[in-house]
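So you can see what is in the structure, the chains are spelled out below.
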Amino acid sequence: QVQLVESGGGLVQTGDSLRLSCAASGRTFSSYAMGWFRQAPGKQRELVAGISSGGGTNYADSVKGRFTISRDNAKNTVSLQMNSLKPEDTAVYYCAADVRFWAVIAGTGNYWGQGTQVTVSS
């Protein structure tokens, strides 16, 4: 069982930066693939970025060059550095985990956090 807790959301202005963190419980964090998803009001949840247990990454086209996903296995955390934020980045951001990278990328991972709100004002 893995529990995920997101933090770092907030209200920022266009062009600002924000860093989200996801703390995971458990002693086998390094074996899990991790991902960040987001869901805006009235829209489907979408993948933002994923990182495999080996450090390979996958990004949505809309965030490439602006967002960076990283993991710290010693601290059981995965982070999402978000730069040059736009109003269309406004959403609830969720952390996901699964031992299968493909499942994380597909949005069918076994473990999910409760989400953290990111609001970007214009």
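Structure's up top.
Report follows, based on the coordinates.

## Some details on the pairing of strand β8 (residues 77–82)
1) Next: In terms of residue burial, β8 counts as a mostly covered element, since five of its six residues are buried.
2) Next: Summarising the sheet, strand β3 (residues 18–24) and β8 pair through six bridges and their orientation is antiparallel. Residue L20 lies in a different strand from β8, and its bridge partner there is L80.
3) Next: Where strand β7 (residues 67–72) meets β8, six bridges bridge the pair, whose relative direction is antiparallel. Bridge assignment links R71 to a residue of β8, and that residue is V78.

## Topic: the environment of F29
1) Next: Following the sequence through the fold, F29 ends up in the loop between β3 and β4 (33–39).
2) Next: The spacing of F29 and D61 is 32 residues in sequence and 27 Å in space, taken between C-alpha atoms.
3) Next: Once you skip the residues sitting within four places of it in the chain, F29 turns out to touch A24, M34, R71, D72, N73, N76, T77 and V78.

## Overview of the packing of aromatic side chains
1) Next: Applying the stated criterion to the full structure yields two aromatic pairs.
2) Next: Both rings, one in Y32 and one in Y111, keep their centres 6.2 Å apart while their planes meet at 65°; by these two values the pair is edge-to-face. Pair noted here: Y32 is in the loop between β3 and β4 and Y111 is in strand β10 (residues 111–112), with a separation of 79 residues, a long-range link. When sorted by exposure, Y32 lands in the same class as Y111, which is buried.
3) Next: Taking the ring centre of F37 as reference, the NZ or CZ of R45 above it sits at 5.9 Å.
4) Next: When the ring centre of W112 is taken as origin, the NZ or CZ atom of R45, which lies over that ring, is 3.9 Å away.

## Here we look at the sheet that holds β8
1) Next: One open sheet accounts for four strands, arranged β1-β3-β8-β7; its pairing is antiparallel. The open sheet has two edge strands with one neighbour each: β1 (4–7) and β7. Within this sheet the neighbouring strands show an average axis-to-axis angle of 15°, counted without direction.

## As for the nonpolar core
1) Next: Ranked by internal contacts, the top residues of the largest apolar core, which has 30 residues, are L4, M34, W36, L80, M82 and Y93.
2) Next: Elements with a minimum of two residues in this core: β3, β4, β5 (46–51), β7, β8, β9 (91–98) and β11 (116–121).
3) Next: Leave out the neighbours within four places in its chain, and Y93 touches E6, L20, W36, F37, R38, V48, F67, L80, M82, G115, T116 and V118.

The rules we used
- Residues numbered from 1 in each chain as written.
- Predicted model: local features only at pLDDT ≥ 70, side-chain atom pairs only at ≥ 80, totals over all residues.
- Heavy atoms only, no water.
- Buried < 20%, exposed > 50% of the residue type's maximum accessible area, 1.4 Å probe, protein only.
- Helix = DSSP H or I, 4+ residues; strand = E, 2+ residues; numbered from the N terminus.
- Pairing = 2+ DSSP bridges.
- Contact = heavy atoms within 4.5 Å.
- Phe/Tyr/Trp six-rings, centres within 6.5 Å; stacked < 30°, edge-to-face > 60°.
- Lys NZ or Arg CZ within 6 Å of the ring centre and 35° of its normal.
- Axes fitted to C-alpha atoms, helices over the stretch in contact; angles between N-to-C directions.
- Core = buried A, V, L, I, M, F, W, Y, C linked by side-chain atoms within 4.5 Å.

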